[in-house]
Number of protein chains: 2
Amino acid sequence: MPETSEKAAIVTAAILVIGDEILSGRTKDKNIGYIAEYLTNLGIDLREVRVVPDVEVEIVAAVNALRTRYDHVFTTGGIGPTHDDITADAMARAFGVSIDVDQRAVAMLLERIAPADLNEARLRMARIPAGASLIVNSVSKAPGFTIGNVHVMAGVPAIMQAMLDALAPTLPTGRKMLSRSIEAGLKEGDIAGPFAAVQLRFPDVGMGSYPGFKEGVGYTTTLVLRSRDEARLAEAAAAVEAMLAEMRVRLGAG
Amino acid sequence: MPETSEKAAIVTAAILVIGDEILSGRTKDKNIGYIAEYLTNLGIDLREVRVVPDVEVEIVAAVNALRTRYDHVFTTGGIGPTHDDITADAMARAFGVSIDVDQRAVAMLLERIAPADLNEARLRMARIPAGASLIVNSVSKAPGFTIGNVHVMAGVPAIMQAMLDALAPTLPTGRKMLSRSIEAGLKEGDIAGPFAAVQLRFPDVGMGSYPGFKEGVGYTTTLVLRSRDEARLAEAAAAVEAMLAEMRVRLGAG
């Protein structure tokens with residue numbers, strides 16, 4: 001794992017979603033948004049997401065690109081018992097380690113599967129790269145695993161979520177990114193100039209503007225401010241509120 | 001654009017989602033799944049997705065990596081009037097061309113915005129890289145654009161969808177990937193071995209297995225077969241059905 005450790009102010013992460021079914025559109029991903037919000041709440045900054053097909057060379061290239069660049073990589077998908085589940089083998093290849101049936105994982109499978117039913121296919125779910133630690137799966141027992149700074153989880157949302165809960169207490173995290181949302185009540189194009197001027201006064205506070213469309217209301221604008229420093233965030237929010245108050249008067253909306 | 005043109009059997013694509021709000025989890029992406037399904041129906045194979053923050057160097061690196069590798073790149077987000085909307089400038093940088101207010105885009109904006117309201121911020125939405133063609137926005141007029149093989153669209157789903165509809169008739173497409181879903185009615189671990197054996201007999205037909213969890217039913221397995229050749233797909237589906245029938249008998253479920 002990179003040296004940004006427990007005391008680091010900023011801990012970064014990427015998500016790697018593995019699966020043809022996401023790319024074909026047959027399955028609509030529900031994991032990216034869930035993990036993104038979960039990591040923000042933990043104090044981990046999600047910096048990038050990639051979705052790749054069930055093709056070993058693509059998985060290996062993506063995980064190697066991401067794991068060298070970010071503190072954590074979270075993968076979803078491809079750890080079941082069928083021939084298209086190739087994530088564990090791809091991770092072994094990416095890290096240049098061997099892979100074999102892991103007796104700790106077999107013991108976990110046997111909590112749910114009768115010994116007579118533990119066929120060769122199901123034993124695939126106990127294939128774990130050498131040196132990995134296991135991630136407990138409280139839903140269906142077949143574990144995920146952590147190798148280096150890569151956390152390999154299931155694609156089924158309920159199982160992925162249980163694995164993330166099991167994993168979270170073990171993760172080095174950073175100072176939480178705090179955020180403040182302000183409903184502008186004005187059109188984005190009317191406040192963009194003065195909003196940019198406030199951003200210039202607070203270069204250390206991230207400021208975004210998000211237009212939305214609500215049935216019956218029309219277009220709305222939400223301004224989002226982000227900082228790790230609560231006092232600076234409050235100062236910036238006050239400056240944005242003051243700007244909005246002035247603009248409401250100027251535009252005859254106040 | 002790469003030389004895979006109108007008559008190509010396979011046309012490939014990537015999606016580049018641009019936006020801090022997706023990475024923070026504040027906004028849950030609804031565009032990836034929509035575009036994925038849309039492209040599959042058009043006859044375009046989605047091969048990769050990336051999500052990057054509102055940081056120019058990251059956007060430039062991602063779009064340059066994707067546009068050289070795939071026939072099309074579809075981007076979403078970052079083309080509004082505020083200072084955090086930097087996608088158009090990033091595309092100009094990626095392609096090494098200039099960017100300025102485009103009079104065709106101004107004319108589109110004026111269909112909806114009164115001339116007196118067309119301030120500097122709103123004119124940002126008419127900044128278009130040199131050489132790009134515009135993508136009509138029937139919802140809110142501010143256009144997207146196509147530069148080279150990169151199609152730059154809005155992040156708001158309703159607007160992105162309208163832009164995709166405007167764009168679709170202009171896209172070179174390939175032979176459609178056809179698919180067939182088969183509900184196994186058996187546990188994934190019980191059929192994984194025989195399913196892999198069928199896959200070996202049909203190496204030209206992609207076969208995936210997707211466990212799902214339904215409240216009240218428990219775990220289910222959907223087998224998905226994919227091919228551009230309808231006859232081969234039907235043959236493979238028949239082979240999978242025969243395998244399943246045999247397994248139902250063998251497992252005492254038939």
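No experiment lies behind these values; they were computed from the predicted model shown.

**Student:** I tried to follow the overall build of chain A on my own but got confused; where do I start?
**Tutor:** What chain A contains, in helices and strands, is nine helices and 11 strands. Against the compact-globule benchmark of 18 Å for 254 residues, chain A has a radius of gyration of 23 Å, which places it well outside the compact range. Referenced to the eigenvectors of the C-alpha coordinate spread, the extents of chain A come out at roughly 75 × 45 × 30 Å.

**Student:** It is not clear to me how the nonpolar core should be interpreted in this structure. Could you clarify?
**Tutor:** In a soluble, globular protein the nonpolar side chains are often hidden away together inside. Leu16 and Met91 of chain A together with Leu16 and Met91 of chain B are the most contacted members of the largest nonpolar core, which totals 109 residues. Apart from the residues lying within four places of it in its own chain, the contact partners of methionine 91 of chain B are Val63, Pro129, Ile147, Val150 and Val152 of chain B.

**Student:** Help me understand the interface of chain B and chain A, please; the structure alone is not making it clear to me.
**Tutor:** Where the parts come together, the accessible area they lose is often given as the size of the interface. At the interface, 49 residues of chain B touch 49 residues of chain A. Of all the elements in the fold, those that place two or more residues in the side of chain B that touches chain A are α1 (20-23), α2 (31-42), β2 (45-52), α6 (120-124), α8 (188-201) and β10 (206-214) of chain B. Residues that form the side of chain B that touches chain A fall into these classes: 21 nonpolar, 15 polar and 13 charged. Where strand β2 (residues 45-52) of chain A and β2 of chain B come together, three bridges link them in antiparallel fashion. Considered in β2 of chain B, the bridge of arginine 50 of chain A is made with arginine 50 of chain B.

**Student:** Could you clarify how one ought to interpret the relation of the copies chain B and chain A in this entry?
**Tutor:** In this arrangement, two copies of a chain are superimposed by a rotation about an axis accompanied by a shift along the axis. Note on the copies: chain B fits chain A at an RMSD of 0.0 Å, the axial shift is 0.0 Å, and the rotation between them is 180°. Overall, the copies show the geometry of a two-fold rotation axis. For chain B, the minimum C-alpha distance to the rotation axis belongs to arginine 50 of chain B and amounts to 2.2 Å. A high fraction, 100%, of the interface residues of chain B reappear at the interface in chain A, so the copies pair face to face through one surface.

**Student:** I tried to follow the environment of histidine 72 of chain A on my own but got confused; where do I start?
**Tutor:** Residue and element names in this part refer to chain A. Following the sequence through the fold, histidine 72 ends up in strand β3 (residues 72-76). Put simply, histidine 72 and glycine 148 are 76 residues apart on the chain and 8.9 Å apart in space, counted from C-alpha to C-alpha. Not counting chain neighbours up to four residues away, the residues in contact with histidine 72 comprise Ala13, Ile44, Asn149, His151 and Leu171.

**Student:** Looking at this structure, I do not really get the sheet that holds strand β7 (residues 144-147) of chain A. What am I missing?
**Tutor:** Note: strands within a sheet are paired through backbone hydrogen bonds, in either parallel or antiparallel orientation. Pairing is mixed in the open sheet, where 12 strands are placed in the order β6(A)-β7(A)-β8(A)-β3(A)-β1(A)-β2(A)-β2(B)-β1(B)-β3(B)-β8(B)-β7(B)-β6(B). Two strands close off the open sheet at either side, each with one partner strand: β6 (133-135) of chain A together with β6 (133-135) of chain B. Looking at each pair of strands side by side, their axes are set apart by 20° on average, direction ignored. With three bridges connecting them, β7 of chain A and strand β8 (residues 150-153) of chain A associate as antiparallel partners. Note that in β8 of chain A the partner of phenylalanine 145 of chain A across the bridge is valine 152 of chain A. Against the sheet, helix α4 (residues 87-95) of chain B engages β1 (12-18), β3 (72-76), β7 (144-147) and β8 (150-153) of chain B, with an angle of about 165° to β8 of chain B. Across the sheet, helix α7 (residues 157-167) of chain B lies against β3, β6, β7 and β8 of chain B, angled at about 145° from β8 of chain B, the strand it touches most.

**Student:** I tried to follow the environment of threonine 87 of chain B on my own but got confused; where do I start?
**Tutor:** Residue and element names in this part refer to chain B. Mapping threonine 87 onto the fold places it in helix α4. Sequence separation between threonine 87 and glycine 77 is 10 residues, and the spatial gap between their C-alpha atoms is 7.4 Å. If we skip the residues at most four places from it in the chain, threonine 87 touches Ile18, Ile59, Thr75, Gly77, Gly78, Ile79 and Val152.

**Student:** What is the right way to look at helix α8 (residues 188-201) of chain A in this model?
**Tutor:** Note: α-helices contain 3.6 residues per turn, so residues at a spacing of three or four share the same orientation. An ideal rise of 1.5 Å per residue puts 20 Å on 14 residues; α8 of chain A measures up with 19 Å between its terminal C-alpha atoms. Of all the bends in α8 of chain A, the greatest measures close to 30° and is centred on proline 194 of chain A.

**Student:** Explain the pairing of β7 of chain B to me, please; I cannot follow it from the model alone.
**Tutor:** One face of the sheet, then the other: side chains in a regular strand alternate in exactly this way. Residues and elements named next belong to chain B. Along β7, one buried face is formed by Gly144 and Thr146 and the opposite face, lined by Phe145 and Ile147, is buried too. Bridge count for β6 against β7 is three bridges, and the pairing is antiparallel. Its bridge partner being in β7, serine 133 is matched across the sheet by threonine 146. Here β7 hands over to β8 after two residues, with glycine 148 in that stretch at a positive phi of 60°.

**Student:** I'm lost on α2 of chain B in this one. Help?
**Tutor:** Here α2 of chain B is 12 residues long and its end C-alpha atoms lie 16 Å apart, about the 16 Å a rise of 1.5 Å per residue gives. Those residues of α2 of chain B that sit buried are Asn31, Ile32, Ile35, Ala36, Leu39 and Thr40 of chain B. Axial view of α2 of chain B: buried residues confined to an arc of 155°, hence all on one face. Turning to α2 of chain B, the residues buried within the fold contact α1 (20-23) of chain A together with β1, β2, β3 and α7 of chain B. Positive phi appears at glycine 43 of chain B, one or two residues downstream of α2 of chain B, with a value of about 100°.

**Student:** So what exactly am I meant to see when it comes to the packing of α8 of chain B against helix α9 (residues 230-250) of chain B here?
**Tutor:** Each pair of packed helices can be summarised by the angle the axes make with each other and by the distance between the axes. Residue and element names in this part refer to chain B. Following both chains from N to C, one finds α8 and α9 inclined at 150°, their axes separated by 10 Å at the closest point. Our classification of the angle between α8 and α9 gives roughly antiparallel. Handedness of the crossing formed by α8 with α9: right-handed. Seen from α8, the contacting residues are Asp190, Ile191, Pro194, Phe195, Val198 and Arg201; seen from α9, they are Ala239, Val240, Met243, Leu244 and Met247. Along the lines of polarity and charge, the residues of the contact of α8 with α9 split into nine nonpolar, no polar and two charged.

**Student:** Explanation requested: the pairing of β2 of chain B in the structure shown.
**Tutor:** Residue and element names in this part refer to chain B. Burial within β2 is extensive, with eight of its eight residues counted as buried. Direction of pairing for β1 relative to β2: parallel, over a ladder of seven bridges. What sits directly across from valine 17, in β2, is valine 51.

**Student:** Explanation requested: the packing of α2 of chain B against α7 of chain B in the structure shown.
**Tutor:** All names here are of chain B. Packing of α2 against α7 brings their axes to within 11 Å, and their N-to-C directions diverge by 20°. If you check the angle between α2 and α7, you find them roughly parallel. You can see that α2 and α7 cross each other, and the crossing is right-handed. Contacts from Asn31, Tyr34, Ile35 and Tyr38 of α2 reach α7 at Pro157, Met160, Gln161 and Leu164.

Rules used in this analysis
- Residues numbered from 1 in each chain as written.
- Chains lettered and ligands numbered in written order.
- Predicted model: local features only at pLDDT ≥ 70, side-chain atom pairs only at ≥ 80, totals over all residues.
- Helix = DSSP H or I, 4+ residues; strand = E, 2+ residues; numbered from the N terminus.
- Rg over C-alpha atoms; globule rule 2.2 N^0.38 Å.
- Core = buried A, V, L, I, M, F, W, Y, C linked by C-beta atoms within 7 Å.
- Buried ≥ 20, exposed ≤ 12 C-beta atoms within 10 Å, placed from the backbone.
- Contact = placed C-beta atoms within 7 Å.
- Nonpolar A, V, L, I, M, F, W, Y, C, P; charged D, E, K, R; others polar.
- Pairing = 2+ DSSP bridges.
- Least-squares fit on C-alpha atoms with pLDDT ≥ 70 in both.
- Axes fitted to C-alpha atoms, helices over the stretch in contact; angles between N-to-C directions.
- Expected span 1.5 Å × (residues − 1).
- Bend = angle between axes of the 7 residues up to and from the residue.
- Arc of directions from axis to C-beta.
- Parallel < 35°, antiparallel > 145°, perpendicular 65-115°, else oblique.
- Left-handed = near helix turned anticlockwise from the far one by under 90°.

Purely geometric numbers; function is a separate question.
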